[in-house]
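One letter stands for each residue in the lines below.
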Amino acid sequence: MRTLNDSMYNSYKCWLQTSLPEEGILKTINPLLPKEGYRIRQLNNHISIEGGSNAGLIYGTFALHRRLAAGHDIDCEGAPRIARRVINHWDNPDGSIERGYAGKSIFFKNGELNYSIEQVNDYARLLASIGINEITINNVNVSAEGAKLLTDMLPDVKKIADIFRPWNIRISLAINFESPVLLDGMPTADPLDPNVRLWWEKRVEEIYSMIPDFSGFLVKADSEFIGGPVAHGRTEADGANMLARILAPFGGVVYWRCFIYDCLQDWRDSTIDRPKAAYEIFMPQDGLFEPNVILQIKNGPCDFQVREPNSPLLGALKKTNRALELQITQEYTGQQIDLYYLGTQWEEVFSFPVDDKLVLRDLMGKKINCIVGISNIGNDENWTGNILAQANLYAFGRLAWDPSLTAGEILKEWIPMTFGGNTEVIEKIYEILMRSRETYEKYTTPMGLGWMVNVHSHYGPSPEGYEYSKWGTYHRANYKAIGIDRTSKGTKFTLQYHPSLTAMFDDINKCPEKLLLFFHRLNYSHVMKNGKTLLQHYYDLHFEGVEDVEEFIEIWKSLEPHLPKKAYDNVLERLKLQLKNAIEWRDVLNTYFYRFTGIPDAKGRKIYE
Ligand code: GCV
């Protein structure tokens, strides 16, 4: 098992490892400050950090470190805008990580909790440094093995909770709704069955006797072949409320995921439109959930694609608590091989309108007081596989603390903390990271189309990989047109938004061009605002995307003298793989459309027959 002292692990000088200044610092608790808040002052012969509690002192200490590295004034005050700042792990008991790209789980091995205390403590410290205050350690797809966290593995869960607690991080568990059947052979998991309720009561009492600050349960139910209340003829609210009522006396909550859709769709049936599903299921139940239920909603209505509009449910629910779920692990966004700084994407998510006045950011910390990120770490020597992918975890924490930060501001903290103060290094890494999302989008599926990835792995191009499948993710390209008409004249998805947004997305001239193919079905001859046809625009973006990656490689190479060899090699190796991937995407997709249309590239560049 890797420990803090392993040489490889220490060879990166990354943000969590630079030591915190301790000498000449006076730390005091000031109950007048918010509990997790802090105030830092530079006085004559020392620096004072006041915290509203120990948690505030922890955050204040890391804030001081950050400000020193970024060259900001030391005097400052801070407090989180969002109360619950949560990391979800998709770690399985066998040590694998669903959609993980940085090695194996740091928690599990061979069917049990099997970990290094130092490593987990170091991870807790890392999360505390970015303000995270809660963690779910296991995958939402809970196998029969994973369900045992509630029983056989509970003593070990307690030990993990003990490691996280000093860092102000509470623990929660993902549970399988069918646990009474899976673990104890009960005849049913019907949430209205009194014996089922009793079974859960016993589990919850046991958990709280061992982990008094246990945060609660995370539930993926009635989703992707996993059971839930609907299978018992009940509603999502029936299921969530049964658990919530049991947890309430202990101060626990239920995170109920809204990622529910028909995953056995017939592609011939164009009356079903997957992005509509969550709203259709949950809006009629708005107000029926207990106050300690938090509906956990992915940022987009599909599934963490490179560009989607925000889920309409985030703004539409009025009487139900909710959490915004973001994916830090790069499932559809390059798998920690391709460069993809998610900060720019999340800044857009926060800036996305909810109605004619407000954007999502305005709801954060008010109507939406919880944010969840799917972890991108594993036991890899630098935590995230690609060292530059650390920026995504860092950005998540910083935005969870303060959603008004910009993607650029966050990078200007992270880069010097990780690579030191050399201006050339800072500027060049800043440039490639800030451009990275758009570059990936250019050579994959621009304009909101999404998917077209290889089935299951979700890396690399396969334009028809999901086209005739059951998953409901179609683009319906033919010789003339592409995309789904999701306007009020089409599938009516746009009607799920505030009327001002319906009007914008419905109107082809007002719909943001970057989302055009999410909302509209268009002929390849459609003329874009830049005067090009849709098809030519598509070709151009694919060629440009590859050129961008070539440029990134040159920029990175120019930094060789200024970077630790290990970090330099780590990224260069991945950039080379990214170039291969980008070329593959460009050629497969350009050929795909050329074969349909017979229209060559206007600039005569090579498109394969
Ligand atoms: C944990 C997508 C991913 C799955 C993931 C699921 C979810 O479908 O491909 O791996 O399962 O989302 O968010 O539940």
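This structure is a prediction, so every number in the text was calculated from the model and none was measured.

So, how was this worked out
Residues numbered from 1 in each chain as written. Predicted model: local features only at pLDDT ≥ 70, side-chain atom pairs only at ≥ 80, totals over all residues. Heavy atoms only, no water. Helix = DSSP H or I, 4+ residues; strand = E, 2+ residues; numbered from the N terminus. Rg over C-alpha atoms; globule rule 2.2 N^0.38 Å. Buried < 20%, exposed > 50% of the residue type's maximum accessible area, 1.4 Å probe, protein only. Contact = heavy atoms within 4.5 Å. Areas by Shrake-Rupley, 256 points an atom, 1.4 Å probe, with all protein chains shown as cover. Lys, Arg positive; Asp, Glu negative; His and termini not counted. Charge placed at Lys NZ, Arg CZ, Asp CG, Glu CD. Axes fitted to C-alpha atoms, helices over the stretch in contact; angles between N-to-C directions. Parallel < 35°, antiparallel > 145°, perpendicular 65-115°, else oblique. Left-handed = near helix turned anticlockwise from the far one by under 90°. Nonpolar A, V, L, I, M, F, W, Y, C, P; charged D, E, K, R; others polar. Near = heavy atom within 4 Å. Polar contact = N/O pair within 3.5 Å; in protein donor to acceptor, adjacent residues only side chain to side chain. Domains from an automatic or database assignment. Pairing = 2+ DSSP bridges.

## Concerning the overall build of the protein chain
When you go through the protein chain residue by residue, the secondary structure sums to 19 helices and 16 strands. For 609 residues, the compact-globule estimate of 2.2 N^0.38 gives 25 Å, and the protein chain sits close to it at 24 Å. By its C-alpha atoms, the protein chain is 70 × 65 × 50 Å across when sized along the principal axes. Sorting the 609 residues of the protein chain into buried and exposed places 61% on the buried side. The long-range share in the protein chain, meaning contacts at least 24 apart out of those at least 6 apart in sequence, stands at 70%. Carbon and sulfur atoms make up 52% of the accessible area of the protein chain, which amounts to about 22900 Å² in all. If you average the places of the 67 positive and of the 78 negative side-chain charges in the protein chain, the two averages end up 2 Å apart.

## Things to note about the packing of helix α13 (residues 390-401) against helix α14 (residues 407-419)
Packing of α13 against α14 leaves a shortest axis separation of 10 Å and a crossing angle of 130 degrees. Considering their axes alone, α13 and α14 lie oblique with respect to each other. At the point where α13 passes α14, the crossing takes the right-handed sense. Between α13 and α14, the residues in contact are Gln390, Ala391, Tyr394, Ala395, Arg398 and Leu399 and Ile410, Leu411, Glu413, Trp414, Met417 and Thr418, respectively. The class makeup of the residues in the contact of α13 with α14 is eight nonpolar, two polar and two charged.

## Quick look at the site of the ligand
If you check the shell around the ligand, you find 14 residues, and the closest are Glu98, Lys220, Arg257, Lys298 and Glu331. Between an oxygen atom of the ligand and a side-chain N or O atom of Lys298, the distance comes to 2.6 Å. Within the side chain of Glu331, one N or O atom sits 2.6 Å away from an oxygen atom of the ligand. When isolated, the ligand has an accessible area of 340 Å², and the protein chains bury 96% of it. For the shell around the ligand, a count of residues per class yields three nonpolar, three polar and eight charged.

## With respect to the domain arrangement of the protein chain
Along its sequence, the protein chain is carved into domain 1 (6-78), domain 2 (84-405) and domain 3 (422-484 + 521-609). Once you take the C-alpha centre of each, domain 1 and domain 3 turn out to be 41 Å apart.

## Observations regarding the pairing of strand β10 (residues 216-219)
Relative to β10, strand β9 (residues 170-175) runs parallel, the two being bridged by four bridges. Along β10, the bridge assignment pairs Ala174 with Leu218. Where β10 and strand β11 (residues 253-257) come together, four bridges link them in parallel fashion. The residue of β11 that forms the bridge with Phe217 is Val254.

## Points about unusual backbone geometry
Most peptide bonds adopt trans geometry, and most residues besides glycine take a negative phi value. You will see that Glu224, though not glycine, has its phi angle at about 45 degrees, which is positive. Mapped onto the elements, Glu224 comes out in the loop between β10 and α8 (236-247). You will see that Trp383, though not glycine, has its phi angle at about 75 degrees, which is positive. Looking at the element boundaries, Trp383 is found in the loop between β14 (370-374) and α13.

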